[in-house]
Amino acid sequence: MSRPEMLAEDRYDQALTAVVAPADWTNPEPDDRYHVVVIGAGTAGLVTAIASAGLGARVALIERRLMGGDCLNFGCVPSKGVIAAARRWHAGRADTGFGAPGADRVGDFGVAMERMRRIRAAISQDDAAERFRDAGVDVYLGEGRFLSDRAVSVTGVAGDRELRFRRAVIATGARPQAPPIPGLDRSDYLTNETVFSLTDRPERMAVIGAGPIGCELSQSFARLGSRVTTFDMLPGILPREDPDAAALVERSLRRDGVEFALGVRIEEVSSSAAGVRLVYKDSDGERRETMSDELLVAVGRAPNVEKLGLEEIGVRYNAVGITVDAKLRTTNPRIYAAGDVTPAPKFTHLADAHAGVVVQNALFFPSARADRLVVPRCTYTSPEVAHVGLDRQEAEQGGIDVDVIDVQLEENHRALLDGEEDGFLRVLLQRGSDRVLGATVVATGAGDLIAPLTLAVTHRMGLSKFTSTILPYPTQAEVIKRAANQWRRTRLSPAVKRVFARWFRLTG
């Protein structure tokens, strides 16, 4: 069973809940009819609500748990705080290659986690119930359920409210998913909703799932001093990423002490006073078992669609989310859905973009389309892996001819000087032209380096634009310009070289 507690019992998490779920909150008296009612106050819901209110619409926002949703409370914000601590610890260890003094040592895990919670509490002001109320949003804390496709009930501490609306937006997000492993439902395990409440470092940690969350936290806890073993039924990690990128990240995690059991089948999980026991068959079919102090399950997300009354209003959904069209309309045209509750990738920045689509379509002429969004992604391991647009497999499956430009980070002076030369840039161009169709970056700052390439894919720019762009030296961003110059050299065909040779003879 997943741990019921979500937050630690300290002053910073108390400050957090006082802002995003104030105990003394009084739900307002409903308006006669709202232009839009939003259920769920994660990124998609918050942006939809505040943007709509800013345009002058009458808006109600319902949240049953914590405002800020997964991103603030259990996702982007706390995970990056832990990752930052892990990187500092790693950088502070002895490195004879840099002539660094001292020996490896274990720091104060509790201080690192407290710092994360302190920063999360400070950031929570952006998602505060009072802030949205002051921006003109009627904020209701309680359970929302559709009474019809024109009304929602809110069950709160002060009783029920009925909210009538013109349009509604479902932005209830997603939650951690548990795999069907015998004994797991009777065992004590962590998810991304509970792992950040830890105050003591686990000496041994097992992680089920080698996707982005599993890899980020496996590496972080290994750097923070835990002995980490990561399990996955697939033979490799980060299955969505370029195989070369995933292999490079796997090598980095192994160097940091993460042990992998890949291509395995977990047959049983059980808890006892001694810890959590995993029994599995390895890739050779051998039966093995291991013990850990903590088990983290990170295998995917399930949409929050229960108790909303969706069946009664004709809104279809399945295991991956609420069915929506390109304009984010559900199967009931009065109801929209946005963010992680849809089948779209579970990214905060995509939920933000979904909100823009919904505001346009629900309040005005429905012309915005979610299927035209260019969505980058980044996994925040060390090195990071970022991607946008097509990859080689997608291009091949789609019958799209591409040219591939590769630049290794070891060719970049800043990467060499920083000792961060493990990585590369891979750019996919439309065959015979310089139009950027996709890119993958593996680097310390890949999440930042992907930004100009996302601009190029979004606006159908050519890679050659970067050849005339001056970039500061030395920076890792120069790998993009190197890729552009590499493409330009391919334009220098033998025929062109002969023309140049003749010109220089004539002008010599």
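Let me begin by describing the structure that accompanies this report.

Calculation notes
- Residues numbered from 1 in each chain as written.
- Predicted model: local features only at pLDDT ≥ 70, side-chain atom pairs only at ≥ 80, totals over all residues.
- Heavy atoms only, no water.
- Pairing = 2+ DSSP bridges.
- Helix = DSSP H or I, 4+ residues; strand = E, 2+ residues; numbered from the N terminus.
- Axes fitted to C-alpha atoms, helices over the stretch in contact; angles between N-to-C directions.
- Contact = heavy atoms within 4.5 Å.
- Core = buried A, V, L, I, M, F, W, Y, C linked by side-chain atoms within 4.5 Å.
- Buried < 20%, exposed > 50% of the residue type's maximum accessible area, 1.4 Å probe, protein only.
- Salt bridge = Lys/Arg side-chain N within 4 Å of Asp/Glu carboxyl O.
- Right-handed = clockwise from strand over helix to strand, strands pointing away.
- Parallel < 35°, antiparallel > 145°, perpendicular 65-115°, else oblique.
- Left-handed = near helix turned anticlockwise from the far one by under 90°.
- Nonpolar A, V, L, I, M, F, W, Y, C, P; charged D, E, K, R; others polar.
- Phe/Tyr/Trp six-rings, centres within 6.5 Å; stacked < 30°, edge-to-face > 60°.

### Some points on the sheet that holds strand E10 (residues 259-262)
Each strand in a sheet pairs with its neighbour through backbone hydrogen bonds, running either in the same direction (parallel) or in the opposite one (antiparallel).
Piece 1. Pairing is parallel across the open sheet formed by 4 strands, whose spatial order is E10-E9-E8-E14. The open sheet terminates on both sides in strands that have one partner only, identified here as E10 and strand E14 (294-297). Neighbouring strand axes in the sheet, compared pairwise and without regard to direction, differ in orientation by 20° on average.
Piece 2. Pairing of strand E8 (residues 204-208) with strand E9 (residues 227-232) involves 5 bridges; the strand directions are parallel. Bridge pairing in E9 places Met205 opposite Val228.
Piece 3. Helix H7 (residues 212-223) contacts E8, E9 and E14 of the sheet and is inclined by roughly 165° relative to E9.

### Re the nonpolar core
Piece 1. Counting residues in hydrophobic clusters, the biggest one holds 41 residues, and the most contacted among them are Leu61, Met67, Val137 and Val139.
Piece 2. Broken down by element, this core gets its largest block of residues, 6 residues, from helix H9 (residues 348-363).
Piece 3. If we skip the residues at most four places from it in the chain, Val137 touches Ala49, Ile50, Ala53, Val59, Leu61 and Phe132.
Piece 4. Formed by 35 residues, the second largest nonpolar core is a distinct cluster that contains Phe109, Val195, Ala222 and Leu262.

### Let's talk about the pattern of salt bridges
Piece 1. The full count for this structure, using the stated rule, is 36 salt bridges.
Piece 2. Here Glu193 and Arg65 are joined by a salt bridge, their closest N and O atoms 2.7 Å apart. One end of the pair, Glu193, is in the loop between strand E7 (174-176) and E8; the other, Arg65, is in the loop between strand E2 (59-63) and helix H3 (69-73), and 128 residues separate them in sequence.
Piece 3. In this structure Arg65 comes out as partly exposed when scored by relative accessible area, which is 30%.
Piece 4. A salt bridge links Arg431 to Asp403; the nearest nitrogen and oxygen atoms lie 2.8 Å apart. Of this pair, Arg431 sits in the loop between strand E22 (424-430) and strand E23 (436-443) while Asp403 is found in strand E21 (residues 402-408), placing the two residues 28 residues apart along the sequence.
Piece 5. With relative accessibility at 22%, the residue Asp403 sits in the partly exposed group.
Piece 6. In the salt-bridge network here, residues are joined through shared partners; they are Asp242, Asp244, Arg392, Asp406 and Arg426.

### Examining the side chain of His354
Piece 1. On the secondary structure map, His354 appears in helix H9.
Piece 2. For His354, a relative accessible area of 4% corresponds to the buried category.
Piece 3. Beyond its immediate sequence surroundings of up to four residues, His354 is in contact with Leu328, Ala338, Gly339, Thr342, Ala344, Ala370 and Leu373.

### Considerations on the environment of Ser283
Piece 1. Within the secondary structure, Ser283 sits in the loop between strand E12 (275-281) and strand E13 (287-292).
Piece 2. What makes Ser283 exposed here is its relative accessible area of 55%.
Piece 3. For the pair Ser283 and Arg33, spaced 250 residues apart in sequence, the C-alpha to C-alpha distance is 59 Å.
Piece 4. Sequence-distant contacts of Ser283, that is, excluding residues within four places in its chain, are made with Leu262, Gly263 and Val264.

### Here's the deal with the sheet that holds E12
Piece 1. With respect to topology, 3 strands assemble into an open sheet ordered E11-E12-E13, the strand pairing being antiparallel. The open sheet has two edge strands, strand E11 (265-272) and E13, and neither has a second partner. Neighbouring strand axes in the sheet, compared pairwise and without regard to direction, differ in orientation by 20° on average.

### As for the pairing of E8
Piece 1. Counted residue by residue, E8 has 4 buried out of 5 residues, so it is predominantly covered.
Piece 2. Between the parallel elements E8 and E9, the chain passes through H7 in a crossover that is right-handed.
Piece 3. In terms of strand pairing, E8 meets E14 through 4 bridges, oriented parallel. Paired with Ala206 across the two strands is Leu295, which belongs to E14.

### Focus: the packing of helix H2 (residues 43-54) against H9
Piece 1. Running from N to C, H2 and H9 point in directions that differ by 40°, and their axes come no closer than 8 Å. Classified by the angle between their axes, H2 and H9 sit oblique to one another. Of the two possible hands of crossing, H2 and H9 adopt the one that is right-handed. Of the residues in H9, those in contact with Thr43, Ala44, Val47, Thr48, Ala51 and Ser52 of H2 are Thr348, Ala351, Asp352, Ala355, Val358, Val359 and Leu363.
Piece 2. Across the contact of H2 with H9, the residue classes break down as 8 nonpolar, 4 polar and 1 charged.

### Describing the packing of aromatic side chains
Piece 1. A complete count under the given rule lists 3 aromatic pairs for this structure.
Piece 2. On the basis of an interplanar angle of 80° and a centroid distance of 6.1 Å, the ring pair of Phe146 and Phe165 is categorised as edge-to-face. Residue Phe146 is located in strand E4 (residues 143-148), and its partner Phe165 is located in strand E6 (residues 159-170); the two are separated by 19 residues in the primary sequence. Each member of the pair, Phe146 as well as Phe165, carries the same accessibility label: buried.

### Examining the environment of Gly40
Piece 1. Within the secondary structure, Gly40 sits in the loop between strand E1 (34-39) and H2.
Piece 2. With 421 residues separating them in the primary sequence, Gly40 and Met461 have C-alpha atoms 37 Å apart.

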